[in-house]
Each structure stands twice: as C-alpha cells, then as structure tokens.
Amino acid sequence: MFLTFFDALRRAGVPAGPRELLDLLGGLAAGLCAGDVTAFHAFARAVLVKDERYYDRFDRAFAETFGTLDTIPEAEVMAALDLPEDWLRKLAERSFSAEEKAAVAALGGFEALMRTLRERLAEQKERHQGGNKWIGTAGTSPFGAYGYNPEGVRIGQAQSRHRRAVKVWDRREFQDLDEERDISARNVKVALRRLRIWAREGAAEELDLDGTIRASAKAGWIDVQTRPERRNAVKVLLLLDIGGSMDDHVETVQELFTAARSEFRHIEIFYFHNCIYEALWKSARRRRETATPTREVMNRLGRDWRCVIVGDASMSPYEITHVGGANETWNPEPGALWLQRIRAQWPRSVWLNPVPRAEWKYTPSISMIEDIFESDMLPLTLEGLGRMTKVLG
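Residues numbered from 1 in each chain as written. Predicted model: local features only at pLDDT ≥ 70, side-chain atom pairs only at ≥ 80, totals over all residues. Heavy atoms only, no water.

S.K.: Could you give an account of the packing of helix 1 (residues 2–12) against helix 4 (residues 55–66), with specific residues and numbers?
M.R.: Their axes nearest at 9 Å, the elements helix 1 and helix 4 cross at an angle of 145°. Every pair of crossing elements has a handedness; the one defined by helix 1 and helix 4 is right-handed. Across from Phe2, Thr4, Phe5, Ala8, Leu9, Arg11 and Ala12 in helix 1, the residues of helix 4 making contact are Arg57, Phe58, Ala61, Phe62, Glu64, Thr65 and Phe66. A per-class count over the contact of helix 1 with helix 4 returns 9 nonpolar, 2 polar and 3 charged. (Axes fitted to C-alpha atoms, helices over the stretch in contact; angles between N-to-C directions. Helix = DSSP H or I, 4+ residues; strand = E, 2+ residues; numbered from the N terminus. Left-handed = near helix turned anticlockwise from the far one by under 90°. Contact = heavy atoms within 4.5 Å. Nonpolar A, V, L, I, M, F, W, Y, C, P; charged D, E, K, R; others polar.)

In structure tokens:
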C-alpha cells in the first residue's frame, strides 16, 4: 500500500526519496497516528513534503491512493450500514424549479440579513430541514445548506450550488497555483512579451560589438567595448482571485500565472478572494496565518509598478459597498474603497475578467467594479491581453 502511495507521490512530482519513505514506515511501526486518518495525513505530509509548494500535489497523490479525508471514514460507515452513499448524500439536497426560485424573496438588505442571523442563532435550539425561517437544510431560509435563497448565508455545505451566498460561514480551503505547471497555451506567453520594457542597468559585462568595431576603427587597434546587460525592467504586481466561482476559470488563470512568472524579472504575486480588502496572501492555504496587510504592499511597491488584478468580479454587491460585507471575514472598510486606493497608487492597473464580456451585464458586481476601473476592466482573452499591454506599457 505505501509503495503505491510513494509511487503516486513521485508521479505527482513530490520530491520524496527512500529516506522519507523509511521515516514514514518507521513512524507507523512505532504506533504513531494508528487508526486516525486525519493524523496519518498530517504525519505523512510532515515527513514526506519538505516544501509547502508541494502540498497540493501531495493531497492529490494521497486522494488517489487512499481517498480524500472526508470520504475515508464515511466509506467505512456506509459499508457498515450497507446503504448507498449517493442516496444518503442526496437526502440533504433539494432541487428547485425556476418558478420556486422566483417565489423566494430576499430579506431586504445586508443589515437585515445579519440582524436576522444573530436572532436565529440566539433562538434556535434544534435541527431544521425544509423550512423557510430557521438555520437548516434543503429549505428556502436565508441560512443553512442545500436549499435556495437569493441572498443568504451558507452554513455547513462543502461547495456552492447556486452562487447566491452573501457570506460563507464555514472555513474553506483554497489551493495555490502550481509554479511548476507547463504552459499549455504558448500564445499567452507571447502576448505578455509585448509588455516587456527593456533597460540597461548594472555592471558593463556584455560585449558591445558595434561599439567595439567603431572604437577599433578609430583607435587603429582592437578596442573591446562592453555595456551593461539588457534586462526586463517592467515591475508587475499580480493579484489573483482564488476559490469559489473562480474554480471555473482555474485552467485559464493557471496559464496566465505560469506565463507571467516566466516573463517578468520583477514580479510580486498575492491572492485574494472575491474583492480586495485590508489583507492579501502569499499562500492561499495559509492565508489566515500569513496574511500581508494591503497597506504594507502599497507602501512598499512604488507607482512605477504595474498592477494586474485577475478575478471574475462575481460576488454579492455588499462585498463592494458595505462594511462587514466580505464573504468570509468582517471587513472594517468596503471593498470599493480599497479598489479606489489601488487605482490611485498604481495608475497603470487593469482588472482581467475571465467571464465572457457578453455576460458582464447580468452580474451587478461586475458592473460596479467596471465603473471603478473605467475602461480598464478587460476580458481575459488574447485580445484583452493585447489591450492590457497598451494600457500598462
């Protein structure tokens, strides 16, 4: 079993060797994490992975060999009960027709939603299913899981179904983009090359052939001339929306991410979710422990940097306009204020949107951010990248 796991790790590109495998087997032989899947996952990752960049690859290999953390214990329970797993899962979900969705009314604003949630938390004493008031499942209440409401707070649901949640109460795990990913669309890289601004800097270490010919002809002997090496001087701050509805666009964004890392000598990359607030992350997995204040990034990177924001801009309008409207946190200042600050700090900034331009008008939050960025919200297409290079150049 563990040799199969080790082989899966090697195929996934995790640089684990025989020494790490022996350490894993030795720990298991000593009785560490016996019978505890979560502890085994943590122990195996600590022993086999020496760089957090490979955490995502490790998780994929682990799932391939053993199953995901949430399916392993459930599989054992299902086998004991002899009940189909899919049937049990579907019991908690409910499908709604278009007519049923249209008949469900929102509470009437962000403040009313938060106030009512506080009241429900104080009053509710038991589990509910299929209703329209309490925190529960498979109903039309604004609070809960596997139901429907045009504006609600999602609680206890692994992933989005209707993408109507104003806030998500559960802790969600996002994945960093893979730095070793091969470029599958080389034309993205070619398009970014148009943004290169070359400058000569540093020590004179490159042969200046034309200068050598001119100097030798003038001096009457070979007079070797050198010049500073030509370098890519453009500085790019890349801010990437990660998780949620952006999962639909991860392949396209991965291509852009890989091309940008290879094309620009000066590049800083941070993650955010939905809208930019007071903090950004270098690691999506450790965003709560390693958050970087947005103000610190703005103070450190001067106005000569170009700022490229990549996101679908698809969110609750409250995330842009309201204090506390952020999907997962309580933001002390509205997202619109931070976007305006970014525009002021880096005048050469664009927002790249992977949603097709023809669909922008159907999402209010896209129109709101488009107004802040004026004509500098562009589609994440080759045409959009071409326009971006003209705006940032």
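S.K.: Just give me the short version of unusual backbone geometry, but keep the residues and values in it.
M.R.: Positioned with a positive phi, Asn274 is a non-glycine residue whose angle comes to about 70°. Note that Asn274 resides in the loop between strand 9 (266–272) and strand 10 (279–281). By relative accessible area, Asn274 is classed as buried at 5%. A positive phi angle, near 55°, is found at Glu374, a position not held by glycine. Topologically, Glu374 is positioned in the loop between helix 15 (364–373) and strand 14 (377–379). (Buried < 20%, exposed > 50% of the residue type's maximum accessible area, 1.4 Å probe, protein only.)

S.K.: Describe the side chain of Asp312, and please don't skip the residues or the numbers.
M.R.: Here Asp312 lies in the loop between strand 12 (306–310) and helix 13 (318–321). Judged by relative accessible area, which is 2%, Asp312 ranks as buried. Polar contacts involving the side chain of Asp312 include one to the side chain of Ser245, which spans 2.5 Å. Leaving out residues up to four positions away in the same chain, Asp312 has contacts with Asp241, Ser245, Met246, His249, Asn353, Pro354, Val355 and Ile366. (Polar contact = N/O pair within 3.5 Å; in protein donor to acceptor, adjacent residues only side chain to side chain.)

S.K.: Can you break down the environment of Asn299 residue by residue, with the values?
M.R.: Summarising the element assignment, Asn299 is placed in helix 12 (residues 294–300). Placed 46 residues apart in sequence, Asn299 and Gln345 show a C-alpha to C-alpha distance of 9.0 Å.

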